[in-house]
Amino acid sequence: MNKLLSIIVPCYNEEEVLPIFMEAVTKVRDGLRNLPDAPCDTELLFVDDGSSDQSLEILKSFHRADSTVRYISFSRNFGKEAAILAGLKNIKGDYAVLMDADMQHPPELLLAMYKELISSKCDSVAMYRDDRKKEGFFRRHFSSLFFKLLNKMSKLNIVNGATDFRMMKRIMVNAVLSMPETNRFSKGIFNWVGFNTKWLPFETGERPVGRSKWSTGKLISYSFDALLSFSEVPLKICSWMGLIFCFIAFMIGIFHFIKTLIFGDPVAGFPTLYLMLLLIGGLILLFLGITGQYLARIYLEIKQRPVYIVKETESDTDKGE
Ligand code: UDP
Ligand code: MG
């Protein structure tokens, strides 16, 4: 029997691009089925991340036309990370691949990724962007700084330009699913679980229609989440700075003690005094803030809220609801 590859596609308001994507991916599915030495069956699992446009209706019509096209629809927008988790949890395949619906992860690359995955000894084939020049100045520099910082501050080692476009064997999917955290940074999780990953460069396609759902603000807060969920370095910096300031205070104390013994005690140095007060006060607030960020995340994790809520799946369409 042929192996089964599950193609997971998170979608958020992608009504315009879905038909284009479907056409392209159908060709690739035929190609995979007809591979001479290792033909492979595929299933498509779309995760509708609470779209407010016609995306869900389109997905339903896909399923009616072809039962190997499945979908899960969320009760609201939970974010791409939640959609990835829902996808991985609900597939049946021996292999899984994650890809965007907007054609920026070119579907025809699936063939090359699949061949690489089954012929080499790796457990996963991941794609990194080789075309950062296409991005805006701010985004390009911000994201390469982010990857450098993240790799320095955590045990992760993520390739610059890494994307979520990745094909995995079942064993790795299960490992990813065994990570219970609700605040999920998938690029970090894929790295953390280990296994052999083969990195291949690719050029992101142009989005034919629609626009990116990531604003600059969203990107920055995503980066903070990633950093705080994989690194304790900010906390260590707080402790070290605390220690250094205590040491400086101690030395200044000794200095003044000796100075008073020798020269007496004329009242001077008010500016220094209030500057130090301001500086130390500021630092204390900053460090409390950093500690608070971790605390907030512990709070959210401990509540054990579900990462997403499913409103309907293709089985509802089958039942005719
Ligand atoms: N996406 C999603 N939920 C969101 C935002 C995006 O499922 O809250 C999906 C989106 O439909 C697309 C993929 O994630 O298939 C990548 O999104 P986008 O193209 O907006 O991001 P970019 O390519 O700019 O990183
Ligand atoms: Mg995109």
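Keep in mind the model is a prediction, meaning the values are calculated, not measured.

Rules of the game
Residues numbered from 1 in each chain as written. Chains lettered and ligands numbered in written order. Predicted model: local features only at pLDDT ≥ 70, side-chain atom pairs only at ≥ 80, totals over all residues. Heavy atoms only, no water. Helix = DSSP H or I, 4+ residues; strand = E, 2+ residues; numbered from the N terminus. Rg over C-alpha atoms; globule rule 2.2 N^0.38 Å. Buried < 20%, exposed > 50% of the residue type's maximum accessible area, 1.4 Å probe, protein only. Donors = N, O, S within 2.8 Å, 3.2 Å for Na, K, Ca; no water. Contact = heavy atoms within 4.5 Å. Near = heavy atom within 4 Å. Polar contact = N/O pair within 3.5 Å; in protein donor to acceptor, adjacent residues only side chain to side chain. Pairing = 2+ DSSP bridges. Axes fitted to C-alpha atoms, helices over the stretch in contact; angles between N-to-C directions.

Let's shift gears to the overall build of the chain. Counting secondary structure elements, the chain contains 11 helices and 8 strands. Relative to the compact-globule value of 20 Å for 321 residues, the chain shows a C-alpha radius of gyration of 26 Å, a clear excess of over 25%. Over its C-alpha atoms, taken along the principal directions, the chain stretches across nearly 95 × 45 × 35 Å. Expressed as a percentage of the 321 residues in the chain, the buried residues total 42%.

This part is about the coordination of the magnesium ion (ligand 2). Taken together, the protein ligands of the magnesium ion (ligand 2) are Asp102 (OD) and Gln104 (OE1), with distances of 1.9 Å. Residue glutamine 104 is classed as partly exposed on the basis of its relative accessible area of 26%.

With respect to the helices and strands, the residue leucine 110 is situated in helix H4 (residues 109–119). The class of leucine 110 is buried, set by a relative accessible area of 0%. Excluding its chain neighbours within four sequence positions, the residues that come into contact with leucine 110 are Ile7, Val25, Val28, Val97, Met99, Phe165 and Met167.

Turning next to the site of ligand 1. Around ligand 1 there are 17 residues in total, and Glu14, Asp49, Asp102, Ser212 and Lys213 lie nearest to it. Take proline 10: an N or O atom from its main chain is 2.8 Å from an oxygen atom of ligand 1. At a separation of 2.8 Å, an oxygen atom of ligand 1 approaches a polar backbone atom of tyrosine 12.

This part is about unusual backbone geometry. The phi dihedral of methionine 103 is positive, around 70°, even though this residue is not glycine. Mapped onto the fold, methionine 103 is located in the loop between strand E4 (95–98) and H4. Given a relative accessible area of 17%, methionine 103 falls into the buried group. Of note, the phi angle at phenylalanine 195 is positive, near 70°, even though the residue is not glycine. Turning to its location among the elements, phenylalanine 195 is positioned in the loop between helix H7 (186–192) and strand E7 (197–202).

A separate point is the sheet that holds strand E3 (residues 69–74). Strand order in the open sheet formed by 8 strands is E7-E5-E6-E4-E1-E2-E3-E8, with mixed pairing between adjacent strands. Looking at strand neighbours, the two that pair on one side only are E7 and strand E8 (310–313), the edges of this open sheet. Taking the axes of each pair of neighbouring strands and ignoring which way they run, one obtains an average angle of 20° across the sheet. In this sheet, E4 lies alongside strand E1 (residues 3–11) in parallel orientation, the contact comprising 4 bridges. Bridging from a neighbouring strand, leucine 5 pairs with tyrosine 95 of E4. Seen against the sheet, helix H6 (residues 170–177) touches E4, strand E5 (124–129), strand E6 (162–169) and E7 and runs at an angle of roughly 120° to E6.

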